[in-house]
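# Inside the fold
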Amino acid sequence: ETDIEVEGLTFQYDSEEDVALDEVSFSIALGEITGVAGPSGAGKSTLVDLLCRIRTPSGGAIKANGYDIGNFALTDWRAKLGVVIQDIHLFRASIRDNIAYGLPDVSPAEIEEAARAASIHEFIVNHPEGYDRVLTENGADLSGGQRQRLALARALLRKPKLLILDEATSALDPLAETLVKEAIAARPEGCTVLVIAHRATTIKVADTIIVMEGGRVVQSGTWDSLVNDL
Ligand code: ADP
Ligand code: ADP
């Protein structure tokens, strides 16, 4: 169970005068879907880095079930996360091995199930040699949207407590609304979801949308309430 509490989160890069995150606070109830939208430079990637503990907050905290995530052993915390980024590092290896990366004990059936849940079959469905053959093709040859799906399959296999879909760092293909919907549908029971996007329309399906700008939360609410505010 993971409910997420972001409390007065502040982050400053050493090289910068301005803070990248300025006392950001919000919470996500267990199993809920929250979207974070905002223009380039809003602080979205920094927020994801702090959630993944790639960086450490300059102030404030992120809590899961009331515990500061900084107090978990790093591997324990990372084991709770599924992160879907397009710029996922792919190896010169089969799609199957790329999906199973870091998970030596998963079975071929589990890998195939995750691949299907992530709709990897959609771009290979017409492959003349069939599904099983396609999973042996080189993962490093995939294009942007397909990489996102591979990343989703990899994330789902980890049975995450918190699934993060991050468009912020993907320069090429924007996060497709269909991928967001499929990820939400395919997630394990009780899995909390955070979707990061440039445009709020990508994350209409979220229970709550948080709009960031200049390191601050400038708006939050349901899609309907945000649209009514415009
Ligand atoms: P986006 O706006 O989509 O997050 P950016 O082009 O801003 O993408 O950032 C791409 C990469 O460059 C990220 O890894 C980010 O941490 C880094 N970056 C962004 N701004 C700066 C900066 N002012 N100085 C150094 N690195 C930066
Ligand atoms: P977003 O993901 O919403 O585009 P970022 O978190 O990448 O926003 O950036 C927030 C602010 O922090 C921006 O002003 C950006 O230039 C700065 N920044 C991001 N990454 C770095 C970095 N590695 N070094 C210095 N400044 C950075």
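A brief report on the enclosed structure follows. (Residues numbered from 1 in each chain as written. Chains lettered and ligands numbered in written order. Predicted model: local features only at pLDDT ≥ 70, side-chain atom pairs only at ≥ 80, totals over all residues. Heavy atoms only, no water.)

## Overview of the site of ligand 2
Threshold: Here a residue counts as near a molecule or strand whenever at least one of its heavy atoms sits within 4 Å of it. Side-chain atoms alone can form a polar contact between residues adjacent in sequence; in general such a contact is a pair of N or O atoms within 3.5 Å, and within protein one must be able to donate a hydrogen while the other accepts it. Here the Shrake-Rupley method, with its probe set to 1.4 Å, supplies the accessible areas, and only the displayed protein chains count as covering residues. Note on residue classes: Ala, Val, Leu, Ile, Met, Phe, Trp, Tyr, Cys and Pro are nonpolar, Asp, Glu, Lys and Arg are charged, and everything else, Gly too, is polar.
Around ligand 2, the structure places 14 residues, and the nearest of them are G41, G43, K44, S45 and T46. Side-chain polar atom of K44 to an oxygen atom of ligand 2: 2.8 Å apart, as the coordinates give it. The side chain of S45 places a nitrogen or oxygen atom 2.6 Å from an oxygen atom of ligand 2. Alone, ligand 2 offers 560 Å² of accessible surface; in the complex the protein occludes 66% of this. A class-by-class count of the residues in the shell around ligand 2 yields five nonpolar, six polar and three charged.

## Some remarks on the sheet that holds strand β1 (residues 4–11)
Sheets are built from strands that pair by backbone hydrogen bonding, the pairs being arranged parallel or antiparallel. Stated formally: When DSSP finds two or more bridges between two strands, those strands count as paired. Numbering of helices and strands runs from the N terminus, with a helix taken as a DSSP run of H or I at least four residues long and a strand as a DSSP run of E at least two residues long.
Taken together, four strands build an open sheet; the order of strands is β2-β1-β4-β5 and the sheet is antiparallel. Looking at the sheet topology across the chains shown, the edges are occupied by β2 (21–28) and β5 (67–68). As paired strands, β1 and β2 are joined by five bridges and run antiparallel to one another. Across the sheet, the residue bridging to E5 is S27, located in β2.

## Considering the sheet that holds strand β7 (residues 162–166)
Threshold: Angles run from 0 to 180 degrees between N-to-C directions of axes, and those axes are lines fitted to C-alpha atoms, restricted for helices to the stretch in contact. Contacts are residue-level and defined by heavy atoms, with any inter-residue pair within 4.5 Å sufficient.
Across the sheet, which stays open at both edges, the six strands sit in the order β6-β7-β8-β3-β9-β10 with mixed pairing between neighbours. Taken across any chain shown, the strands that pair with only one partner, and hence form the sheet edges, are β6 (81–85) and β10 (216–221). Neighbour-to-neighbour, the strand axes of this sheet turn through a mean angle of 15 degrees, independent of strand direction. Relative to strand β8 (residues 192–197), strand β3 (residues 33–37) is paired through five bridges, and the arrangement is parallel. The residue of β8 that forms the bridge with T34 is L194. Across the sheet, helix α6 (residues 144–157) touches β6 and β7, and the angle it forms with β6 is around 175 degrees. Against the sheet, helix α7 (residues 177–186) contacts β3, β7 and β8, and its axis sits at roughly 170 degrees relative to β7.

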